[in-house]
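# Geometric and topological summary
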Amino acid sequence: MTARAHSTATTGRAHRPLDETTATQIADYVAKDPVDDLIAAGYLAGHDGNLVARQLRRPQLLQALEHSVCNAVEPDLNDFYREDLEPAVDWHGRRTQTVRDHCAVCPVRAACTELALRDRDRHGIRGGLPEEKLAIRLKTDADRLEAARDADTRAARTQAERVKAAVDVQRIAIMHLGSAPAATRAANNAAVRAAVQRRHELLTQHRLETGWAAAA
Ligand code: SF4
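What comes next is a walk through the structure. Predicted model only: the values in this text are computed from it and were never measured.

### Concerning the overall build of the chain
Counting secondary structure elements, the chain contains 11 helices and zero strands. Going residue by residue from the N terminus, the α and β elements of the chain occur as α-α-α-α-α-α-α-α-α-α-α. Across the 216 residues that make up the chain, the buried fraction comes to 38%. Intrachain contacts of the chain at a sequence separation of at least 6 include 67% that bridge at least 24 residues.

In structure tokens, the structure reads:
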């Protein structure tokens, strides 16, 4: 599949412009739309792309990159990096062609840029941006990126807590299958109820923070 064919195939849905580009509005929108729908509607490639991508948590950005041109056609990675001692004029010509042939038609280029910035990765071309523009974005967006990295860390931690809570319910529920003294069964029932309550609280907290359909 060519890069252009891939892009067309994954952006078949019409791109609906956002009325306002406030962080809150976009965050609400992202929370309601699974990542695949955002990609299909072109939100990670259009002019809103950067604003949408910055609202995504790291797992969602990684999920988006599964739809990238790089993943679909596996281009020659040398096209994305300047060679040692390569004259600037040669590199500029090569990178212009790389951006035109790959990044410009990539349906998730905003996610690609955002992930590179969160990872402080400014080597080569990312999301259609060359090294010097990535370096500028790292400076101008420094505070926002730090907050996004913190939010990614918190999201990963709370996800681990939700998984553990779900596993605890299963584990405790099967601890005393079969015959057991009444007092033991009563204590086990109480432990199951507490575990279910903990799972419910974590899930409710997650939904309040991210919306009902968000993956975090
Ligand atoms: S934006 Fe460019 S570098 Fe990033 S995944 Fe797409 S084609 Fe690859």
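### Looking at the side chain of D152
Tracing the chain through its elements places D152 in helix α10 (residues 142-173). In contact with D152, other than residues within four places in its own chain, are L56, R57, R58 and R118.

### Observations regarding the site of the ligand
Surveying the vicinity of the ligand reveals the residues S68, V69, C70, F80, H102, C103, C106, R109, C112, I125 and G127. Among the secondary structure elements, those contributing two or more residues to the shell around the ligand are α6 (69-73) and α8 (109-118). Per-class residue counts for the shell around the ligand are seven nonpolar, three polar and one charged.

### Some details on the nonpolar core
If you look at the biggest cluster of nonpolar residues, it comprises 18 residues, and the most contacted ones within it are I39, L44, L61, A64, V108 and A111. For this core, the elements supplying multiple residues, two or more each, are α3 (35-40), α4 (49-53), α5 (58-65) and α8. Once you skip the residues sitting within four places of it in the chain, V108 turns out to touch I39, L44, A64, L65, H67 and S68. Residues L117, L129, L134 and L145 belong to the second largest nonpolar core, which totals five residues.

### Re the environment of D121
Here D121 lies in the loop between α8 and α9 (131-140). We classify D121 as partly exposed; its relative accessible area is 23%. For D121, the residues in contact, after removing those within four places along its chain, are A116, R126 and L134. Of note is the side chain of D121, whose polar atom sits 3.2 Å from the backbone nitrogen of H123.

### Overview of α5
Buried within α5 we find Q60, L61 and A64. Down the axis of α5, the buried set is contained in an arc of 100 degrees. They therefore lie on one face. Residues of α5 that are buried in the fold lie against α3, α4 and α8.

### Re the pattern of salt bridges
Summed over the entire model, instances satisfying the criterion amount to 15 salt bridges. Between R126 and D121 there is a salt bridge, with its nearest N and O atoms 3.1 Å apart. Of the residues examined, R126 reaches a relative accessible area of 15% and is grouped as buried. The partner of D168 in a salt bridge is R171, and the shortest N-O contact between them spans 3.3 Å. Of this pair, D168 and R171 both sit in helix α10, three residues apart, which is roughly one turn of the helix.

### Section: the packing of α9 against α10
One can describe the packing of α9 onto α10 by two numbers: an axis separation of 5 Å at closest approach and a directional angle of 80 degrees. Relative to α10, α9 is oriented roughly perpendicular. Across from R137, L138, K139 and T140 in α9, the residues of α10 making contact are A142, R144, L145 and R149. When grouped by side-chain class, the residues that make up the contact of α9 with α10 number three nonpolar, one polar and four charged.

Thresholds, definitions, all that
- Residues numbered from 1 in each chain as written.
- Predicted model: local features only at pLDDT ≥ 70, side-chain atom pairs only at ≥ 80, totals over all residues.
- Heavy atoms only, no water.
- Helix = DSSP H or I, 4+ residues; strand = E, 2+ residues; numbered from the N terminus.
- Buried < 20%, exposed > 50% of the residue type's maximum accessible area, 1.4 Å probe, protein only.
- Contact = heavy atoms within 4.5 Å.
- Near = heavy atom within 4 Å.
- Nonpolar A, V, L, I, M, F, W, Y, C, P; charged D, E, K, R; others polar.
- Core = buried A, V, L, I, M, F, W, Y, C linked by side-chain atoms within 4.5 Å.
- Polar contact = N/O pair within 3.5 Å; in protein donor to acceptor, adjacent residues only side chain to side chain.
- Arc of directions from axis to C-beta.
- Salt bridge = Lys/Arg side-chain N within 4 Å of Asp/Glu carboxyl O.
- Axes fitted to C-alpha atoms, helices over the stretch in contact; angles between N-to-C directions.
- Parallel < 35°, antiparallel > 145°, perpendicular 65-115°, else oblique.

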